[in-house]
Each structure stands twice: as structure tokens, then as C-alpha cells.
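Residue-level structural notes
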Amino acid sequence: MRVLVTRPEEDAGGLCERIEALGLEAFHAPLTKIEMLPDITIGLEGVQALVATSRNALRALVDNPAIDAARRLPLLAVGKATAALGRDMGFGDVRTGPGNGAGLAETIRATLDPADGALLHISGEVLAFDLAAALAPPGFTVRRAIVYRSATAERLPPLVADRLRAGSLDVVTLMSPRAAETFACLVAAAGLAEVARAPIYVCLSPAVAERLSAIAPSRVLVPTTPSTEEMLALLRDLAARSAPT
């Protein structure tokens, strides 16, 4: 089975390797490109904790002058992969959410007190979940530092278009609502919406799957919990079922 990985360059390599280890053929065609924003001022005065909803947000802090002070604060990470990167970067107190914004808000409510200070949400320009709105009722103040942007592809990568036309693309993996919406728009613009119904779509969450409505895929798989590990488990099942007997 041929599996398309649509993640940005920074996150795709390890995922492709793990898919290949399942006996599947992985190929990479990113739908977005990450651009770190230079010279961002990170104000930590009155901040009790940092919140990171992506690894790219943490990567953008590596060369920031505020990194040493930031490491001394608790880090609330959206999921396991972001939490692992935070620990690798030297954050000592890392608390891990379940992999989505709504779940991270629950983790914050359960482990922090709004009276202890504001939260600093380091993020990209586009948010998949409004964390500040979710945390306003219990009294949290959420500041936001935009540290990167993601530029979406303007056309469907030629390799993807060729494989769709040839019927040689079996699985598409999508990790964010924006990626799913971009994919749906690009295949429509290329006149390939009909053939794009055929692959199996493995989506990180229901919110990701919903953005594929314009394609109306014949089969969509969503893990019970939004994590890379659970997505790989779905791919492992597909590999087992497709193996010759």
C-alpha cells in the first residue's frame, strides 16, 4: 500500500520511517511550509506557564533570548510529541494534554489556578482551537505570541496528482483541519475530486475528517484518541489486512 504523508518537512521524516517499518510504502508531499518569525519578543512578566499547541511553536523558541527564562516555567503541551520535544529542549515541568485543544484546556483547568498568573500561548498565525475562549469562563488570562506561520501549497504536488490519476495512491494521512481543507481544495482545483474519493483517509481527529466533506471520501478512519501513535495503529491494521496470505 502506498501512503501519502502530507506533514511539513520538519515533521515528516520520522513519520515516513515509521510507516515504512510497517511494511507500507510512504512518500512525502507537504501541503504546508513552516516559516519561523524572527525577532519575536516573548514577554514572560506575570506569566505562570507556557502553552504549546505544536512542536513548531517550540522550535521557534530555540534561538529566542527568552528561552532560558521560559524553561523555568511549566509547559502545557497539547500532546505527547510536543511534550517530548519540550523535555528535549530543557523544560523541566512538562504537562501533557491528550492531543487536541479542547483536551488541553481541560488539562490546564485541572492543573493550574487562574489566580497564579496569565498563560502565554505560543502558536502559529492560524489556530485550530480558540484556547483563550475556552479558558475564559474559569477566569484564565491567555496571552498569545505568534512565533511562526504556515504557508499552504498553491497547487497539488505533481506526484500526488499523478498517483491519483493512476489509481496508485492507497492512503492519505492528514494531521490538521487546515491540511485536510487544503488537500480538498487542491484536488478540486486540479479536477481530481472524483478520483480522490478512492483512497483511504486516515485523519488525526473528527475535526480533520470534517474538512474533507467536499471530496466525500469512500472511507475515512479516525483514531479514538488524537495521536500519531493511534494513527500508526490504524495503518498497522491496514497493512495486516493487505498482506498476502
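Treat the numbers as computed from the prediction; the structure is a model and nothing was measured. (Residues numbered from 1 in each chain as written. Predicted model: local features only at pLDDT ≥ 70, side-chain atom pairs only at ≥ 80, totals over all residues. Heavy atoms only, no water.)

1. So, the environment of G97
- Relative to the helices and strands, G97 is located in the loop between β6 (94–96) and α5 (101–111).
- Judged by relative accessible area, G97 falls into the buried class, the value being 8%.
- Taking the C-alpha atoms as reference points, G97 and L174, 77 residues apart in sequence, are found 20 Å from one another.
- Aside from chain neighbours lying at most four places away, what touches G97 is A77, V78, G79, L104 and T107. (Helix = DSSP H or I, 4+ residues; strand = E, 2+ residues; numbered from the N terminus. Buried < 20%, exposed > 50% of the residue type's maximum accessible area, 1.4 Å probe, protein only. Contact = heavy atoms within 4.5 Å.)

2. Let's talk about the pattern of salt bridges
- All told, the structure shown has 11 salt bridges when counted by the stated rule.
- Residues R95 and D93 are paired through a salt bridge, measuring 2.8 Å at the closest nitrogen-oxygen approach.
- The class for R95 is partly exposed, based on a relative accessible area of 23%.
- We note a salt bridge from E181 to R211, for which the minimum N-O separation is 2.8 Å. Here the residue E181 occupies a position in helix α8 (residues 177–189), and R211 occupies one in the loop between α9 (206–210) and β11 (219–221), the gap between them amounting to 30 residues.
- Judged by its relative accessible area of 38%, E181 is partly exposed.
- Residue R211 is classed as partly exposed on the basis of its relative accessible area of 38%. (Salt bridge = Lys/Arg side-chain N within 4 Å of Asp/Glu carboxyl O.)

3. Regarding the nonpolar core
- Counting residues in hydrophobic clusters, the biggest one holds 45 residues, and the most contacted among them are L174 and F183.
- Apart from the residues within four sequence positions on either side, L174 is in contact with T6, L31, A179, A180, F183, Y201, V202, C203, L204, V208, L212 and M231. (Core = buried A, V, L, I, M, F, W, Y, C linked by side-chain atoms within 4.5 Å.)

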